[in-house]
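# Structural overview
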Amino acid sequence: MYADNLQNWNLVFNSTAELKKSLIENKTGKRQIQDKWICFLFYNEKLYAFEEMCPHQQKSLLGAQCINGDIVCPFHQYKFNLQTGCGHDLSLQTYPIKKESDRYYIQLF
Ligand code: FES
């Protein structure tokens, strides 16, 4: 049972060790959370989450990397700010991550 402050949050990784086994540093991996495919990126010891499909031409961001604070789409190299998802007058949906007791949670909208 989640504590009150974790209601509406979805468990993604049970520990940092599990996260590091599942994701290569600075390379996106994806997981299905509820009915959405989400890309996760572990970068500078922090976990980020955003929608899987690039807002440019709806291609997968799986395998994308972060360069200078921007996630770079592998298809046409459009850059989107890792924090806000903004770039090229487009918006990549980002999702909040919470870490509690070494567990990582995502909040979907
Ligand atoms: S599909 Fe991502 S930049 Fe074109």
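Note that the structure is predicted; figures quoted are calculated from it, not measured. (Residues numbered from 1 in each chain as written. Predicted model: local features only at pLDDT ≥ 70, side-chain atom pairs only at ≥ 80, totals over all residues.)

## Looking at the pairing of strand 12 (residues 103-106)
As a reminder of what qualifies: Buried means a residue has 20 or more other C-beta atoms within 10 Å of its own C-beta, exposed means 12 or fewer, and partly exposed covers the counts in between; C-beta atoms are placed from the backbone. Helix and strand assignments follow DSSP, with helices taken as H or I runs no shorter than four residues and strands as E runs no shorter than two, numbered in order from the N terminus. Should DSSP find at least two bridges between two strands, the strands are regarded as paired.
The alternating pattern of strand 12 places Tyr104 and Ile106 on a buried face, while none of Arg103 and Tyr105, on the opposite face, is buried. The sheet contact formed by strand 11 (residues 97-100) and strand 12 spans four bridges and is antiparallel. Bridging from a neighbouring strand, lysine 99 pairs with tyrosine 104 of strand 12.

## Digging into the sheet that holds strand 12
The following threshold applies: Orientation is described by lines fitted to C-alpha atoms, with helices fitted over the stretch in contact, and by angles between N-to-C directions that extend from 0 to 180 degrees.
Ordered in space as 1-12-11, the three strands form an open sheet in which the pairing is antiparallel. Taken across any chain shown, the strands that pair with only one partner, and hence form the sheet edges, are strand 1 (10-13) and strand 11. For this sheet, the mean inter-axis angle between neighbouring strands, taken without regard to orientation, is 40 degrees.

## Examining unusual backbone geometry
If you check the backbone angles, glutamate 45 has positive phi at about 65 degrees while not being a glycine. Here glutamate 45 shows up in the loop between strand 3 (36-43) and strand 4 (46-51). The backbone of asparagine 68 shows a phi angle near 50 degrees, a positive value even though the residue is not glycine.

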